[in-house]
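This is what each chain is made of:
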Amino acid sequence: MKKLIKVGNVSMGGGKPVVVQGMVKTPPSDKKTAAWINSMADAGCRLVRVAVPNAFEASHLGELRKKVKVPLVADIHFDWKLAVTAAASGIDKIRINPSNIGSAAKVREVAAVCRERGIPIRVGANSGSVKSLNKGDSPKVKARKLASAVKKEVSVLEKAGFYNIVVSAKAEDVETTVEVNRILDKLAYPLHMGVTATGPRSSGIIKSAMALGTLLREGIGDTIRVSLLSDPVEEVKVAYSILSDIGLIKRKINFIACPTCGRCAVNLRAILDEIMKAFPDADTPAAKTLNVAVMGCEVNGPGEARNADLGIAFAGAKAVYFEKGRIIQTLARSGALPFIKAKIKSGIS
Ligand code: SF4
């Protein structure tokens, strides 16, 4: 079992459930940053990382920490002094990049302040910054090089008597990500997993689901971050979808919808969007999942969605409401949306 590490009031490793974390896209000095972080927290994000690119931004960390309701992680590259300032400012964890933070002596300075403050350090390597990576390296070679960059920095910390560590290595492709995490899983420290530089939003979702889904199903990983070229709240929702789709957690509402075919006479996509808009927290963890189907025709819809707890299927000017594949009621299409929304609301309350 991994060592148990505390980041503020959040525990990771030690057999604890996988922690969803995220990264806010604005810097500490931006007036919107605290609101973004709190929206991420409302979506279920347990800790949030913020980039600290310079001393000016580092000077805003203390104020920002007071305004947010989840532990804050300072993301530091290049300048070890920023890590020292950040650690002293009341934040909950430091992430350093082993490829650019500098000499062992500098890392020891950072460790000394973190030890004093009782906060962990994540040693987070990234395929974009490990200098030994060469164009044309196979995923297996890339994975070995990334893992060795992490292990080297971990050993600097251990030699300094610092063990309050989380590790990670991220690559932009699925295979390297899977391989490197399989290697790092052998270390004693909690493993933070994610795919980096994932590309367009839809590719990012697919790559994250494939890599994280594969690893989590192997029992690997203590905390995940989904990186998307999208808003940070969506990253959190996608992370929970992955956990829920592989059965590690239950989400509040699971929407099922058919792909439509020539039998469908409505704009099912718009209808589903409208229903989902009424339940923005559908992906958040819950003790029980309500399975809701939205189907394009009444002939096959109820049968195709017989495993749904409840659902609606469209039929010309009418719609049918069904539960577990059995038609309960026929409605006018105009009244179908308020009706199904009310049923969902009572189903989750
Ligand atoms: S439920 Fe009806 S509209 Fe949807 S895919 Fe099946 S047959 Fe086509």
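Please refer to the structure placed before this passage.
Residues numbered from 1 in each chain as written. Predicted model: local features only at pLDDT ≥ 70, side-chain atom pairs only at ≥ 80, totals over all residues. Heavy atoms only, no water.

Draft legend 1. Up close: the sheet that holds strand S5 (residues 72–76). Taken in spatial order, the 8 strands make up an open sheet running S8-S7-S6-S5-S4-S3-S10-S9, and their pairing is parallel. Looking along the sheet, the strands with just one partner apiece sit at the ends: strand S8 (165–170) and strand S9 (192–193). The pairing of strand S4 (residues 47–51) with S5 spans 4 bridges and is classified as parallel. Bridge pairing in S5 links Val50 to Ala74. (Pairing = 2+ DSSP bridges. Helix = DSSP H or I, 4+ residues; strand = E, 2+ residues; numbered from the N terminus.)

Draft legend 2. Representation of the pairing of strand S12 (residues 290–295) within the structure. The buried fraction of S12 is high, at 5 of 6 residues. As paired elements, strand S11 (residues 253–257) and S12 share 5 bridges and run parallel to each other. Paired with Ile253 across the strands is Leu290, a residue of S12. Between S11 and its parallel partner S12, the chain crosses via helix H10 (residues 268–277), and the hand of that crossover is left-handed. The sheet contact formed by S12 and strand S13 (residues 310–315) spans 4 bridges and is parallel. (Buried < 20%, exposed > 50% of the residue type's maximum accessible area, 1.4 Å probe, protein only. Right-handed = clockwise from strand over helix to strand, strands pointing away.)

Draft legend 3. A look at the pattern of salt bridges. Within the structure shown, the criterion is met by 21 salt bridges. In this structure, Arg65 and Asp92 form a salt bridge, with 2.6 Å as the shortest nitrogen-oxygen distance. You can see Arg65 sitting in helix H3 (residues 61–67) and its partner Asp92 sitting in the loop between helix H4 (80–88) and strand S6 (93–96), a full 27 residues away along the chain. Between Glu234 and Arg201 there is a salt bridge, with the nearest N and O atoms lying 2.7 Å from each other. With Glu234 in helix H9 (residues 232–245) and Arg201 in helix H8 (residues 201–217), this pair connects stretches of sequence that are 33 residues apart. For Glu234, a relative accessible area of 18% corresponds to the buried category. The exposure class assigned to Arg201 is partly exposed, which follows from its relative accessible area of 40%. Ionic contacts of the salt-bridge type, sharing partners, join the residues Lys140, Glu179, Arg182 and Glu218 into one network. (Salt bridge = Lys/Arg side-chain N within 4 Å of Asp/Glu carboxyl O.)

Keep in mind that these numbers describe shape and distance, not what the molecule does.
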